[in-house]
Amino acid sequence: MSKLLSFLILITLFSACKNADKTDVSSDTSLLIEEAVIEKHLAILSSDEFEGRKPVSKGEELTVNYLKEQLEKSGIAPGNGNSYFQDVPLLEIDGTMSESMIIQTPKKKMNLKQRKDFVIHTQRKQKEIALEDSELVFCGYGIVDEANGWNDYAGLDMKGKTAVVLVNDPGYGSENPDFFKGNTMTYFGRWTYKYEEADRQGADGLILIHETSSAGYPWYVVESSWTGGQQGLDQGPKAKDCGIKGWITLNVAKELFEASGLDLAKQIRAARVKGFAPVPMQSTVSASLTNTFKAENSKNVIGLIKGSEKPDEYVVYTAHWDHLGKAEDLKGDNIYNGALDNASGTATVLAIADAFAKAKEKPKRSTVFLFVTAEEQGLLGSEYYSDNPIYPLAKTVCNLNMDGVNPAGKMKDLTIIGKGHSTMDEIAEEEAKKQGRYVMNESEPEKGFFFRSDQFNFAKKGVPVLYAEGNYEHWDKGVDYVTKFKETYTAERYHQPSDEYDPEVWNMNGMIQDGQLFLNIGWRMTNSNEWPEWYPSSEFKRE
Ligand SMILES: [Zn+2]
């Protein structure tokens with residue numbers, strides 16, 4: 001991009017801010033995102049030297065030290081006492097499944113084959129674990145939503161029992177936006193929720209019935225995702241109440257229901273109606289796992305700018321620093337550079353932190369810059385922070401998360417992922433308008449992207465969040481240009497070694513625009529008395 005162009009953008013941003021209120025940034029020229037700053041961080045973090053930033057590797061060491069040095073250089077204080085680091089204990093569990101899963105039904109004995117018919121795993125640090133003649137109960141969608149009088153486990157003590165549940169939520173396909181938000185996936189539709197609910201119910205086991213269209217991916221994704229080593233947080237041997245979790249194919253489910261004297265289609269219809277009662281299947285399941293463990297520490301990186309008036313209220317920026325590392329078995333370029341995912345967000349939050357630190361006035365509330373680890377393994381760094389917050393979550397005003405900042409250039413839209421949860425939408429919209437942009441919902445809310453980046457762990461604990469980017473209509477090249485750009489990037493680069501920073505492909509104007517927006521929103525929140533609120537229709541609220 002030319003110098004002239006970047007100059008023009010600065011002017012545009014400047015004039016867009018002119019008429020704003022006193023909390024706006026126009027009076028302070030240092031509160032501007034600088035292209036050179038983002039570009040430098042982006043190029044370094046995504047360089048081959050950083051080896052794809054895999055947790056617990058040489059790449060991690062380089063990355064977390066780089067982040068620490070940059071925070072230090074900007075004059076930002078350590079965020080964890082006198083340290084810039086928060087240790088995150090990771091545990092890899094590698095389970096070997098029994099060859100078969102035996103299901104004894106009233107009519108026959110079913111002998112299911114591992115991988116082909118079922119996959120199981122455990123999140124428990126336990127060498128041997130088994131289901132032995134555990135009673136099967138069909139528990140609909142496996143959802144307990146007390147606020148709406150919904151309980152798929154009603155009247156059950158799940159000790160000694162294994163729940164059989166459907167994927168997604170009952171709203172999917174209902175064409176009723178007021179019923180579990182219609183096709184928009186609610187958290188109740190995520191498998192992570194179903195796992196957590198089975199833990200709360202104290203079930204022996206949980207078996208999900210895979211169905212390609214509701215899940216959004218085919219069986220081989222289930223099979224490959226749940227075999228081999230699984231990363232999680234090391235929460236000790238007793239952490240998970242439901243010992244064995246797994247999946248069966250739709251064909252196996254049909255056979256199982258029939259042999260249990262039940263009609264699967266009819267049961268699914270019943271499960272979609274409020275007041276559904278769980279159905280004992282008169283059948284039992286047996287299967288086992290032998291596990292090995294590898295425990296390792298990774299690190300979140302954290303910096304703090306203490307508030308001048310309300311130091312005990314916090315605005316938290318997040319970006320995950322990690323990516324996939326190296327593929328040792330790949331010939332040629334085998335480094336997953338993760339330029340977009342998520343050197344881009346990391347670089348942008350660093351640039352925001354630097355601008356905050358240079359501001360002439362100190363922000364009134366405290367501002368936290370948190371770079372989390374192991375997002376790619378299941379949002380583990382942010383989960384650990386939200387379980388072990390350094391700053392009280394009840395005093396955390398909001399979380400602003402950047403993951404995959406737009407590389408396609410300046411946009412007319414601001415697409416909010418998970419729009420409709422809190423008044424952060426309105427705050428984002430007001431600030432986006434000052435940039436001449438409109439706000440829109442994500443294009444595929446049925447895919448549950450809101451639950452798949454780090455802001456989610458804050459939302460889950462009741463902290464309002466914003467996860468948004470320009471993603472739809474290019475400022476002067478329109479909608480089709482962006483659609484094509486994204487298609488090409490996803491096909492040729494997403495989660496591949498070719499996700500590299502390439503000045504020929506990347507147009508930094510988008511990162512500058514979104515970086516500036518996130519800076520403006522954070523600056524506004526640190527200088528106001530606002531407490532964003534959850535909408536009543538959201539499944540989240542302050543705890
Ligand atoms: Zn990411």
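Residues numbered from 1 in each chain as written. Predicted model: local features only at pLDDT ≥ 70, side-chain atom pairs only at ≥ 80, totals over all residues. Heavy atoms only, no water.

Undergrad: How should I be thinking about the overall build of the protein chain in this particular structure?
TA: Helix and strand counts for the protein chain come out as 14 helices and 21 strands. Scaling as 2.2 N^0.38, a compact globule of 543 residues should have a C-alpha radius of gyration of about 24 Å, and the protein chain matches this with 24 Å. Dimensions of the protein chain, computed from C-alpha atoms along their principal axes, come out at roughly 75 × 50 × 45 Å. Counting across all 543 residues of the protein chain, residues that qualify as buried make up 56%. (Helix = DSSP H or I, 4+ residues; strand = E, 2+ residues; numbered from the N terminus. Rg over C-alpha atoms; globule rule 2.2 N^0.38 Å. Buried < 20%, exposed > 50% of the residue type's maximum accessible area, 1.4 Å probe, protein only.)

Undergrad: Would you mind showing me how to read the packing of aromatic side chains here?
TA: To describe a pair of aromatic rings, one takes the distance between the centres and the angle between the planes. This model, assessed by the stated rule, comprises 30 aromatic pairs. Judged by centre distance (5.4 Å) and plane angle (85 degrees), the ring pair of Phe 179 and Phe 180 falls under edge-to-face. Residue Phe 180 is classed as buried on the basis of its relative accessible area of 12%. Ring centres 6.0 Å apart and planes at 85 degrees place the aromatic pair Phe 180 and Phe 188 in the edge-to-face group. For the pair Phe 180 and Phe 188, a shared accessibility class is recorded, and that class is buried. Put simply, the rings of Trp 150, Phe 179, Phe 180, Tyr 187, Phe 188, Tyr 193, Phe 450, Phe 451, Phe 456, Trp 534 and Phe 540 touch in pairs and so form one group of aromatic residues. Across the ring face of Trp 531, the terminal group of Arg 365 is positioned such that the distance to the ring centre comes to 5.3 Å. When the ring centre of Trp 475 is taken as reference, the NZ or CZ atom of Lys 410 above it lies at 4.0 Å. (Phe/Tyr/Trp six-rings, centres within 6.5 Å; stacked < 30°, edge-to-face > 60°. Lys NZ or Arg CZ within 6 Å of the ring centre and 35° of its normal.)

Undergrad: Would you take a moment to explain the pairing of strand E21 (residues 465-469) for this structure?
TA: The side chains of a regular strand alternate between both faces of the sheet. Of all 5 residues making up E21, 5 are buried, and the element is well covered by its neighbours. Bridge count between strand E18 (residues 396-401) and E21: 3 bridges; the pairing is parallel. Paired with Asn 401 across the bridge in E21 is Tyr 467. For strand E19 (residues 413-416) and E21, the ladder comprises 2 bridges, and the chain directions are antiparallel. Pairing of Thr 415 across the sheet is with Glu 469, part of E21. (Pairing = 2+ DSSP bridges.)

Undergrad: When you look at unusual backbone geometry in this model, what are you seeing that I'm missing?
TA: Trans is the common state for peptide bonds, and a negative phi is the common state for residues other than glycine. With an omega dihedral of 0 degrees, the bond running from Asp 341 to Asn 342 counts as a cis peptide bond. Position of Asn 342 among the secondary structure elements: in helix H9 (residues 339-358). Of note in this structure, Ala 374 is not a glycine but carries a positive phi near 50 degrees. In this structure, Ala 374 sits in the loop between strand E17 (365-372) and helix H10 (380-387). What makes Ala 374 buried here is its relative accessible area of 0%.

Undergrad: What should I look at first to understand the coordination of the zinc ion in this one?
TA: Tetrahedral coordination by four donors puts the ideal angle at the metal at 109.5 degrees, and octahedral coordination by six puts it at 90 or 180 degrees. Protein-derived ligands of the zinc ion are His 320 (NE2), Asp 341 (OD), Asp 403 (OD) and Asp 403 (OD), with the metal-ligand distances lying across 2.0 to 2.6 Å. Bound by 4 donor atoms, the zinc ion shows angles of 53 to 154 degrees at the metal and therefore irregular coordination geometry. (Donors = N, O, S within 2.8 Å, 3.2 Å for Na, K, Ca; no water. Tetrahedral: all angles 85-135°; square planar, octahedral: opposite > 155°, others 65-115°.)

Undergrad: In this structure, what is going on with the pattern of salt bridges? I would like to understand it.
TA: Pairing of side chains with opposite charge becomes possible as their charged atoms draw close. Applying the stated criterion across every chain, the model contains 22 salt bridges. Close ionic contact of Arg 365 with Glu 313 constitutes a salt bridge, the shortest N to O distance being 2.8 Å. Taken as a pair, Arg 365 in strand E17 and Glu 313 in strand E14 (residues 310-320) lie far apart in primary sequence, 52 residues in all. Given the relative accessible area of 12%, Glu 313 is considered buried. (Salt bridge = Lys/Arg side-chain N within 4 Å of Asp/Glu carboxyl O.)

Undergrad: Just checking my understanding: could you explain the domain arrangement of the protein chain for this structure?
TA: It is common to give the size of an interface as the accessible area lost on bringing the parts into contact. Each assigned domain of the protein chain is listed with its residue range as follows: domain 1 (3-90 + 297-526) and domain 2 (92-293). Using only C-alpha atoms to locate each centre, domain 1 and domain 2 end up separated by 35 Å. Summed over the three residues of domain 1 that lose the most area to domain 2, namely Leu 90, Glu 446 and Phe 451, the buried surface amounts to 37% of that side. Where domain 1 packs against domain 2, one counts 1 salt bridge. We note a salt bridge from Lys 460 to Glu 196, for which the minimum N-O separation is 2.6 Å. If you look at where domain 1 meets domain 2, you find 3 residue pairs in polar contact (both at pLDDT 80 or more). Put simply, the parts of the chain that give the side of domain 1 that touches domain 2 at least two residues each are strand E2 (85-97), H10 and helix H12 (455-460). Among the elements that take part in the side of domain 1 that touches domain 2, H10 stands out by supplying 4 residues, more than any other. (Domains from an automatic or database assignment. Buried area = accessible area lost by both parts, 1.4 Å probe. Polar contact = N/O pair within 3.5 Å; in protein donor to acceptor, adjacent residues only side chain to side chain.)

Undergrad: What is the right way to read the pairing of E14 from this model?
TA: When you tally the buried positions in E14, you get 9 out of 11 residues, the bulk of the element. Pairing of E14 with E18 involves 5 bridges; the strand directions are parallel. Looking at the pairing, Tyr 314 lines up with Thr 396 of E18.

Undergrad: When you look at the nonpolar core in this model, what are you seeing that I'm missing?
TA: Grouped together as the largest cluster of nonpolar side chains are 80 residues, with contacts concentrated most on Met 101, Phe 138, Tyr 153, Leu 206, Trp 247, Ile 248 and Phe 257. Examining the composition of this core, we find that 7 residues originate from one element, strand E13 (residues 279-305), more than from any other. Looking at which domains feed residues into this core, each of domain 1 (3-90 + 297-526) and domain 2 (92-293) gives three or more. Setting aside anything within four residues of it in sequence, one finds Phe 257 in contact with Phe 138, Val 164, Ile 209, Leu 262, Leu 264, Gln 267 and Met 281. (Core = buried A, V, L, I, M, F, W, Y, C linked by side-chain atoms within 4.5 Å. Contact = heavy atoms within 4.5 Å.)

Undergrad: Before we go on, may I ask you to explain the side chain of Arg 365 in this structure?
TA: On the basis of relative accessibility, which here comes to 0%, the residue Arg 365 falls in the buried class. A distance of 3.3 Å separates a polar side-chain atom of Arg 365 from the backbone oxygen of Ser 528. The residues contacting Arg 365, other than those within four sequence positions of it, are Ile 305, Gly 307, Lys 310, Glu 313, Val 397, Met 525, Thr 526, Ser 528, Asn 529, Glu 530 and Trp 531.

Undergrad: Hey, could you run me through the confidence of the model for the protein chain in this one?
TA: On average, residues of the protein chain score 92 in pLDDT, and 94% of them are at 70 or above. Contacts for the low-pLDDT stretch residues 1-26, under 50 throughout, to residues beyond four places or in other chains number 31 contacts. (pLDDT = per-residue confidence, 0-100.)

Undergrad: Can you help me understand the packing of helix H11 (residues 424-434) against helix H14 (residues 509-526) in this one?
TA: When two helices pack together, their arrangement is given by the angle between their axes and by how far apart the axes lie. Close contact between H11 and H14 brings their axes to 10 Å; oriented N to C, the two are set at 120 degrees. Comparing the axis directions of H11 and H14 gives the class oblique. Note that H11 runs across H14; the crossing there is right-handed. Contacts between H11 and H14 involve Met 424, Ile 427, Ala 428, Glu 430, Glu 431 and Ala 432 on the former and, on the latter, Leu 517, Asn 520, Ile 521, Arg 524 and Met 525. Within the contact of H11 with H14, the residues separate by chemical class into 7 nonpolar, 1 polar and 3 charged. (Axes fitted to C-alpha atoms, helices over the stretch in contact; angles between N-to-C directions. Parallel < 35°, antiparallel > 145°, perpendicular 65-115°, else oblique. Left-handed = near helix turned anticlockwise from the far one by under 90°. Nonpolar A, V, L, I, M, F, W, Y, C, P; charged D, E, K, R; others polar.)

Undergrad: When you look at helix H2 (residues 35-45) in this model, what are you seeing that I'm missing?
TA: Spacing of three or four residues puts side chains on the same side of an α-helix, whose turn is 3.6 residues. Every buried residue of H2 is listed here: Glu 35, Val 37, Ile 38, His 41, Leu 42 and Leu 45. Summarising the axial view, the buried residues of H2 lie within an arc of 165 degrees, below the 170-degree limit, and thus occupy one face. (Arc of directions from axis to C-beta.)

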